[in-house]
Structure formats: structure tokens, C-alpha cells
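Fold and contact review
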Amino acid sequence: MGLTPTVLAIDAGNSKTDVAVVGAGGEVLATARGGGFRPPAVGVPAAVEALAGPVARAFAEAGVASVSHVSACLANADLPVEEERLAGALRARAWGASVEVRNDTFAVLRAGVAEPRGVAVVCGAGINCVGMRPDGRTARFPAVGRISGDWGGGWGLAEEALWHAARAEDGRGGPTALARTLPARFGLPTMYALIEALHLERIAPERRHELTPVLFATAADGDPVARALVTRLAEEVAAMVTVALSRLDLLGEPVPVLLGGSVLTAGHRQLDDAVRALLADRAPEADVRVVTARPVLGAVLLGLDHLGAGAEAGERARKHWETPGP
């Protein structure tokens, strides 16, 4: 007879949502996947409603109607007030007796460590950094765009690449191969053609993210402008890590530093080498690791932490997501 399922874990990102129902001993009883979670675009009620489908499928598979705790790591929960608002919306769903909402970057951090101690930087569509200690202390940034001092992320890199390429083509800026490689991604001959297609939305706005891999490929081919953008991203990652470690009084201690998100896990040699070199200088005790496990594992582990489950439960859950499939 299995243990009663006690945790509903939710990892909801901009493009997809993973949920899992997990027993108190770390047994994974059900999983499901849904679409993106975007409260700024659709509002909190509609965003939470989009979670209902995968949660219902997971509950049906696990044979439960509710759990004792909901551990939700959500994109766009960037400020404590947003976490509280989203937690209230989840409580209204009555999926669990208790609810804890965190920014989804915490899921990447917890997925990469054996205990809730370390710093994580996630660079996907955007960029964010969080840190935590077992005593509950955290370090985080608002991470709501340029108004909070952010730079980087796949979307921001694409915008920067477009800016430099446009100015290279019309003469306001110096030369860069990006003026050729960016429009070529969409089969267009010039930056003018690409600008027109993006402005008139003949190319869907969300497809701009396709330009980020082009930027890295152009940098790998030696283009100085593209390489400078990659270097700037490495500087940003190192700055966020160093500040978070300092806030947590961990700068001089051996501590895991986790890198996650599509940009930081893609294996871009220049970026990887630069990040590690900068951190070796500024935080020499940092143990830099790339997190490849699905972030929902982090939401699961945070839920088990809330229940006071032991290390064995966490390891049992971890094996589910870290064991390669057939």
C-alpha cells in the first residue's frame, strides 16, 4: 500500500507547465504537462485557470482529489506581492491544505542542490537570480526588466543583436556580420527587410527568440560585436551571482552556483568559459554547475522540505527526473 500523496508540485514557465503529485516519501505518483503561465498577458484568473487542466490530469492519475501541500514555482512571480496574489488564487482552488508560491528560479536552484543552500541564475527568455540558505534567508532581484536594472536573457539578447545589426547596415554603427546572419535566419536579404517584417508582424513577434542562437553562432564565428554581447552577458551573470552570495554571507564559503535556462544550458563555449573565469576570480569558492533536470524537481523538493521530509524522500524523487529514460 503506497503512501498518501501529500505534495502537488507546479513548475510554470512562460512556455510550459509541469506538475507532479508526490507522496510524503518522495514517490512520484503522477505527472502532467500544460501550456505557458503568463499572468501579465492574460491576468491572474486566466493564468491560474490554465493550470487547472494539467492539475486535474495529475490528480486523476494519482487517484486523489487534493493534497496536503501545494509547492508552486511560477514565472512572473517576481515580487513578494505577486507571490502572495498568486498564492491566494491557488488557495481558492482548494488543491491543497497549504500553498507556497515562489518565483520559478527557486525551482532551478533547489533542483540542483542536496539542501536549500546556494545561488542560481536562470537565463531563458529573461534573466533572474536567486539565492537561499537552510535558515530561510533568501537573496533575489525584482527582475521585471530594464526598470529593475536587468540586462540579458534570450529576448534581450535578440533585441541587442537587432539594434547593432540595424545600425551596421544603415551606417550609424560599425560593421557586424549580424547584419547578414539575422535576416538570413528568416530567408530575408537585408536588415531593412527584417525590420519591416517584424514591424508589420509578417514575422510573429514571439519568433524574435529565434535570433538568439544566431547571435551565439555569429559570435562563435568570430564577429567582434556578437562576441562583445556574449561577454556582456557573462559579466551580468557573474555580477548577479556575486551580489547574491554577498547578501547571504556566502561569498567566501564553498557553495553551489547553479546555471539554468535555455541560454545557460545550451553549451555556448564562449559564454560558459567567460562565466566560469569571472566567478573563479570573484567567487573562487563557488562550485559552478549546470542544472539539466526539469525544474519541477525543485518544486517537488521544496514541497518535501515544507513537510519536513528526510533526505531519503528527496533522493527518491530526484531519481525519477535524473534517471535517463529508454
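Just so it is clear, the structure is predicted and the values come from calculations on it, not from any experiment.

Things to note about the overall build of the protein
Counting its regular elements, the protein contains twelve helices and ten strands. Relative to its length of 326 residues, the protein is compact, with a C-alpha radius of gyration of 21 Å against a globular reference of 20 Å. In the protein, which comprises 326 residues, the share counted as buried stands at 50%. Put simply, of all contacts in the protein between residues at least 6 apart along the chain, 67% involve residues at least 24 apart. As displayed, the protein has an accessible area near 14,700 Å², and 53% of this comes from carbon and sulfur atoms.

Considerations on the packing of helix 2 (residues 44–62) against helix 3 (residues 80–93)
Viewed as axis vectors pointing N to C, helix 2 and helix 3 meet at an angle of 50°, and their least axial separation amounts to 10 Å. Viewed along their axes, helix 2 and helix 3 adopt a mutual orientation that is oblique. Where helix 2 crosses over helix 3, the handedness of that crossing is right-handed. Where helix 2 abuts helix 3, its residues Val-44, Pro-45, Val-48, Glu-49, Leu-51 and Ala-52 lie against Arg-85, Leu-86, Ala-89, Leu-90 and Arg-93. Taken together, the residues that form the contact of helix 2 with helix 3 break down as eight nonpolar, no polar and three charged.

Let's talk about the pairing of strand 7 (residues 127–132)
Burial analysis of strand 7 places six of its six residues in the buried class, the great majority of the element. Covered by surrounding structure in strand 7 are Ile-127, Cys-129 and Gly-131 together with Asn-128, Val-130 and Met-132, the residues of both alternating faces. Inspection of the sheet shows strand 6 (residues 118–123) paired to strand 7 by six bridges, in the antiparallel sense. Paired with Gly-118 across the bridge in strand 7 is Met-132. In textbook terms, the turn of a hairpin is the stretch between consecutive antiparallel strands, and for strand 6 and strand 7 this stretch comprises three residues. Examined bridge by bridge, strand 7 and strand 8 (residues 138–140) share three bridges and lie antiparallel to one another. Looking at strand 8, one finds that Val-130 is bridged to Arg-140. Adjacent in sequence and paired antiparallel, strand 7 and strand 8 are bridged by five residues, among which Gly-136 carries a positive phi angle near 100°.

Thoughts on the pattern of salt bridges
Under the counting rule described, the total for this entry stands at 17 salt bridges. With a shortest N-O distance of 3.5 Å, Arg-102 and Glu-100 are connected by a salt bridge. Glu-100 gets classed as partly exposed once you look at its relative accessible area, which sits at 27%. We note a salt bridge from Glu-312 to Arg-316, for which the minimum N-O separation is 3.0 Å. Here Glu-312 pairs with Arg-316, and both are found in helix 12 (residues 311–322), just four residues apart, close to one helical turn. Given the relative accessible area of 35%, Arg-316 is considered partly exposed.

Topic: the side chain of Arg-318
Here Arg-318 lies in helix 12. From its side chain, Arg-318 meets the backbone oxygen of Val-113 in a polar contact 2.8 Å long. Setting aside chain neighbours within four positions, we find Arg-318 in contact with Arg-110, Ala-111, Val-113, Ala-114, Leu-297 and Leu-301.

What about the sheet that holds strand 6?
Strand pairing in a sheet is mediated by backbone hydrogen bonds. Such pairs are either parallel or antiparallel. Read across the sheet, five strands follow the order 8-7-6-9-10 without closing on themselves; strand pairing throughout is mixed. With one partner strand each, in any of the chains shown, strand 8 and strand 10 (286–290) form the two edges of the open sheet. Between one strand axis and the next, the sheet turns through 15° on average, direction left out of account. Here strand 6 runs beside strand 9 (residues 255–260); their pairing, made up of four bridges, is parallel. Paired with Val-121 across the bridge in strand 9 is Leu-259.

Here we look at the state of the cysteines
In protein structure, a disulfide is the covalent linkage between the sulfur atoms of two cysteines. Counted by the stated rule, this structure contains zero disulfides. A disulfide-free cysteine, Cys-73 has its sulfur positioned 15 Å from the sulfur of Cys-129, the nearest such atom. Not part of a disulfide, Cys-129 finds its nearest cysteine sulfur in Cys-123, a span of 12 Å.

Re a nonpolar patch on the surface
Taken together, Leu-79, Val-81, Val-144 and Ile-147 make up a surface patch of nonpolar side chains, about 370 Å² in accessible area. As for its position among the elements, Leu-79 is in the loop between strand 4 (67–74) and helix 3. With a relative accessible area of 31%, Leu-79 lands in the partly exposed category.

Things to note about the nonpolar core
Core analysis: the largest hydrophobic core is formed by 54 residues, its most contacted members being Leu-182, Leu-233, Val-237 and Leu-271. When residues in this core are grouped by element, the largest group, eleven residues, is from helix 9 (residues 224–247). If near-sequence neighbours (up to four positions away) are discounted, Leu-182 is found in contact with Ala-161, Leu-162, Ala-165, Met-191, Leu-194, Leu-211 and Val-214.

How each quantity is defined
- Residues numbered from 1 in each chain as written.
- Predicted model: local features only at pLDDT ≥ 70, side-chain atom pairs only at ≥ 80, totals over all residues.
- Heavy atoms only, no water.
- Helix = DSSP H or I, 4+ residues; strand = E, 2+ residues; numbered from the N terminus.
- Rg over C-alpha atoms; globule rule 2.2 N^0.38 Å.
- Buried < 20%, exposed > 50% of the residue type's maximum accessible area, 1.4 Å probe, protein only.
- Contact = heavy atoms within 4.5 Å.
- Areas by Shrake-Rupley, 256 points an atom, 1.4 Å probe, with all protein chains shown as cover.
- Axes fitted to C-alpha atoms, helices over the stretch in contact; angles between N-to-C directions.
- Parallel < 35°, antiparallel > 145°, perpendicular 65-115°, else oblique.
- Left-handed = near helix turned anticlockwise from the far one by under 90°.
- Nonpolar A, V, L, I, M, F, W, Y, C, P; charged D, E, K, R; others polar.
- Pairing = 2+ DSSP bridges.
- Salt bridge = Lys/Arg side-chain N within 4 Å of Asp/Glu carboxyl O.
- Polar contact = N/O pair within 3.5 Å; in protein donor to acceptor, adjacent residues only side chain to side chain.
- Disulfide = S-S within 2.5 Å.
- Patch = residues over 30% accessible without salt bridge, like charges linked within 9 Å, V, L, I, M, F, W, Y side chains within 5 Å.
- Core = buried A, V, L, I, M, F, W, Y, C linked by side-chain atoms within 4.5 Å.

Any link to function would need more than the numbers given here.
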